[in-house]
Amino acid sequence: MGAFFRLDHANIMAYVTSRSYGAPRVRRRDLSEFLDALAHEARRYLIPEPAFEPWPEEIAEVASKAASQLRETRDFGDRETLPGLVVERILEELRSELSDYSLFALAVGSGEDLRETAREIASAPLYGQLLVLIPEQDMTERNFEVLDPIPAFSVALHAAADWPGFVFWTPTGASAFARLENARELLRELERGLHDGRHRRGPFPGFRSTAGFDYVLRNWASSRPSRNRRLLHLSDLHFGTTDATENQPLLDAELRDIVKSVDRVVITGDLFDTPSKSYATLFTTFRNNITHLAGGKEPISITGNHDQRMIGLFGDNYKQVALIGSTKIVVDEQAKMIFICFNSSEKGSFARGKITASQFKQVGAEYRTLTAARPELKEFLPIVLVHHHPFSFDVPAETWVQRALSAVGLRDEAFLEMVDAVDLHRWCLDWKVKTILHGHKHKARYVEREVEHGSARMQLTAIGCGSSLGAEGSPLSYNLLEWAPESQRWVASFYESVNGGAFREVVASVSPENANRR
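Below is a summary of the structure that appears in this document. Remember, predicted model here, so these are calculated numbers, not experimental data. (Residues numbered from 1 in each chain as written. Predicted model: local features only at pLDDT ≥ 70, side-chain atom pairs only at ≥ 80, totals over all residues. Heavy atoms only, no water.)

1. Quick word on the overall build of the protein
Within the protein, the secondary structure is distributed over 17 helices and 21 strands. Sequence separation of 24 or more characterises 73% of the internal contacts of the protein that already satisfy a separation of 6 or more. When the accessible area of the protein is evaluated, it comes to approximately 22,500 Å², of which 50% is carbon and sulfur surface. (Helix = DSSP H or I, 4+ residues; strand = E, 2+ residues; numbered from the N terminus. Contact = heavy atoms within 4.5 Å. Areas by Shrake-Rupley, 256 points an atom, 1.4 Å probe, with all protein chains shown as cover.)

Structure follows, in structure tokens:
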């Protein structure tokens, strides 16, 4: 069997073809378009096996019912994004129909060779156990973002550096990615796994068992580790608050595994809640623990407004910042990255930020001196670390301060923004630095914007992290960022824990190929 789908609907397709995972959040428009396509154009999107020609019409009937149910759903009004429970209810019957396979394959990337290979795989002699999912269009030039990515689809996203190719998975959760040139080799191993009696359960062939497929996929995945460079991005710890004290044990437990799997840890400001020796000591202890887990490699940390101003708003107190130490430029030889650190809280009133002209000049001179002395560093990836967000944005009024400001017609952004952010954009443009990591607003975010100055222009990527210790009742957050040197693209995953629950990947975003090429 085979099924074509729009790339925007890939995560929905991954969900309805699985049985092991909860439903993701889905944009209402995307779900409506997905169901309408199956309901009205089933023959175009579905490829039946010989002797089972009625299959598209049967799926169309189920999809039509689900589309009607979606139109009748008023629980959440016209909210753009539907919660997982609503999505699960609407797609329940369709999922039952499409998940009744032992093996799935999803084609990702671009090119007619990919789609031709997908059609070939769909006709493989696997006794009707394989459903191949085929996107009908190529990746776009914008970043590709998915809410609550299904684990199998997340595997595909994190293999973006090796696209085009296929991710194979079973309903039990076993999965593996194969590049286009290796897909037939993996398929042959899966065919052998189907008939391998050592892995088959029960006294009969039992073709619905996935045991043979699971063994092959896990073995394939473990033998092909990722070549990407990985960063752990933390921010807005706010040590000294009740939230930080209550949430730290959970974050510490999570980091015991995560830190060992990354090349470097970065922390983008608001290390403690107010300038205080005892609060700064809490952060220093936390930093030392990460250094130990990282085999002696200290995390790169910058400061935020709360580290220098009383409760983040008033005065200037640099004593604790001086005691914990700060650097302007850090070269990581292993990751082949250069981290350029700015203090965006040196100026600015209330919680606003501003980078002074003097600081731009100092950092620029140090960066130029370093690259002149070591020409090989021109091949390293430069990344700016700054606390305040370089592109302004609004968030729903959730905290009491935001609600109070909203009640009198004010935007909280007016008190939080980076003043003269365009100066940072131009500095990055001049030095061809295409990535900025930031914190400040307790909201994970991936943005790509074109910046220009005179005749020069460039795509600038800004990746924000939420509050890693759940400040002001927000989810505990961290970002895992993977850099693929060959394709020059980022894969950003945002993880959250709510009310002490397990951390889960809530957003995955893949940048266009070569978007960050210098």
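2. Thoughts on unusual backbone geometry
Cis geometry is found at the peptide bond from Trp163 to Pro164, where omega equals 0 degrees. Mapped onto the fold, Pro164 is located in the loop between α8 (151-158) and β8 (165-169). Although it is not a glycine, Asp148 adopts a positive phi angle of roughly 45 degrees. You can see Asp148 is positioned in the loop between β7 (144-147) and α8. Accessibility expressed as a relative area gives 8% for Asp148, which makes it buried. The phi dihedral of His238 falls on the positive side, at around 55 degrees, and the residue is not glycine. Relative to the elements of secondary structure, His238 occurs in the loop between β10 (229-234) and α11 (242-258). Overall, the relative accessible area of 3% leaves His238 in the buried class. (Buried < 20%, exposed > 50% of the residue type's maximum accessible area, 1.4 Å probe, protein only.)

3. What to know about the sheet that holds strand β17 (residues 445-453)
The strand order β13-β14-β15-β16-β18-β17 describes an open sheet built from 6 strands, whose pairing is mixed. Each edge of the open sheet carries a strand with a single partner, namely β13 (329-332) and β17. Each strand of the sheet is rotated relative to its neighbour by a mean of 25 degrees, with strand direction disregarded. Here β13 pairs with strand β14 (residues 337-341) via 4 bridges, running antiparallel. Bridge pairing in β14 links Val330 to Phe339. Each of β13, β14 and β15 (381-385) touches helix α15 (residues 357-373); the most contacted strand, β13, lies at about 30 degrees to it. The strands touched by helix α17 (residues 421-431) are β14, β15, β16 (435-438), β17 and β18 (456-464); relative to β18, the strand with the most contacts, the crossing angle is about 115 degrees. (Pairing = 2+ DSSP bridges. Axes fitted to C-alpha atoms, helices over the stretch in contact; angles between N-to-C directions.)

4. A short note on the packing of helix α2 (residues 28-40) against helix α4 (residues 55-72)
Two elements in contact, α2 and α4, have axes whose closest approach is 7 Å; the angle formed by their N-to-C orientations is 150 degrees. Classified by the angle between their axes, α2 and α4 sit roughly antiparallel to one another. Pair α2 / α4 crosses with left-handed handedness. Between α2 and α4, the contacting residues are Arg28, Leu31, Ser32, Leu35, Asp36, Leu38 and Ala39 on the first element and Ile59, Ala60, Ala63, Ser64, Ala66, Ala67, Leu70 and Arg71 on the second. Considered class by class, the residues forming the contact of α2 with α4 number 10 nonpolar, 2 polar and 3 charged. (Parallel < 35°, antiparallel > 145°, perpendicular 65-115°, else oblique. Left-handed = near helix turned anticlockwise from the far one by under 90°. Nonpolar A, V, L, I, M, F, W, Y, C, P; charged D, E, K, R; others polar.)

5. Remarks on the layout of surface pockets
Roughly 490 Å³ of volume is contained in the second largest pocket. As for the second largest pocket, its lining consists of 22 residues, of which Asp162, Phe177, Arg224, Pro225 and Ser226 are closest to the centre. Those elements that provide at least two residues to the lining of the second largest pocket are α8, β9 (175-179) and α10 (211-222). A total of 5 residues in the lining of the second largest pocket trace back to one element, the largest contributor, which is β9. Classifying every residue of the lining of the second largest pocket by side-chain character gives 11 nonpolar, 6 polar and 5 charged. (1 Å grid on protein atoms, 1.4 Å probe; cavity = no way out; pocket = protein on both sides within 12 Å on 5 of 7 lines; lining within 4 Å. Points joined across faces, edges and corners; volume = space filled by probe spheres on them.)

6. A closer look at α17
Taken together, the buried positions of α17 are Ala421, Leu424, His425, Trp427, Cys428 and Leu429. Packing partners of the buried residues in α17 comprise β14, α15, β15, β16, β17 and β18. Two residues or fewer past α17, Lys432 is found with a positive phi of approximately 55 degrees.

7. Description of α2
Under the 1.5 Å per step criterion, the end-to-end length of α2 is 18 Å for 13 residues, consistent within 8% with the ideal 18 Å. Every buried residue belonging to α2 is among Arg28, Asp30, Leu31, Phe34, Leu35, Ala37, Leu38 and Ala39, and all of these are buried. (Expected span 1.5 Å × (residues − 1).)

8. Side note on empty space enclosed by the protein
Taken as a whole and judged by the stated rule, the model has 3 cavities of 30 Å³ or more. Of the pockets and cavities examined, the second largest cavity occupies roughly 60 Å³. If you trace the second largest cavity, you find it lined by Phe4, Phe5, Arg6, His9, Met13, Phe34, Ala37, Leu38 and Tyr45. The element best represented in the lining of the second largest cavity is α2, accounting for 3 residues. In the lining of the second largest cavity, the residues fall into 7 nonpolar, 1 polar and 1 charged.

9. Looking at the sheet that holds strand β5 (residues 103-108)
Taken in spatial order, the 6 strands of this open sheet run β3-β1-β6-β5-β8-β9, and their pairing is mixed. Because the sheet does not close on itself, it has two edges, and the strands there are β3 (46-47) and β9. Docked against the sheet, α8 engages β5, β8 and β9, running at close to 155 degrees with respect to β8.

10. Structural notes on the pattern of salt bridges
This model, assessed by the stated rule, comprises 25 salt bridges. Ionic pairing is found between Arg227 and Glu486, a salt bridge with its closest N-O pair at 3.7 Å. Of the two residues, Arg227 is situated in the loop between α10 and β10 and Glu486 in the loop between β19 (476-484) and β20 (489-497); the sequence distance between them amounts to 259 residues. The exposed category is assigned to Glu486, whose relative accessible area is 54%. For the salt bridge of Asp332 with Arg264, the shortest nitrogen-to-oxygen distance reads 3.0 Å. Separated by 68 residues along the polypeptide, Asp332 in strand β13 and Arg264 in strand β11 (residues 264-268) bring together distant segments of the chain. Summarising the burial analysis for this pair, Asp332 and Arg264 share the class buried. Salt bridges sharing partners connect three or more residues here, namely Asp162, Arg179, Glu181, Arg227 and Glu486. (Salt bridge = Lys/Arg side-chain N within 4 Å of Asp/Glu carboxyl O.)

11. Observations concerning a negative patch on the surface
A grouping of Glu58, Glu61, Glu88, Glu92, Glu93, Glu97 and Asp100 is seen on the molecular surface, where their side chains present a negatively charged patch. Broken down by secondary-structure element, the contributors of at least two residues to the negative patch are α4 and α6 (92-98). Sort the elements by how many residues they give to the negative patch and α6 lands first, with 3 residues. Along the chain, Glu88 falls in helix α5 (residues 84-90). (Patch = residues over 30% accessible without salt bridge, like charges linked within 9 Å, V, L, I, M, F, W, Y side chains within 5 Å. Lys, Arg positive; Asp, Glu negative; His and termini not counted. Charge placed at Lys NZ, Arg CZ, Asp CG, Glu CD.)

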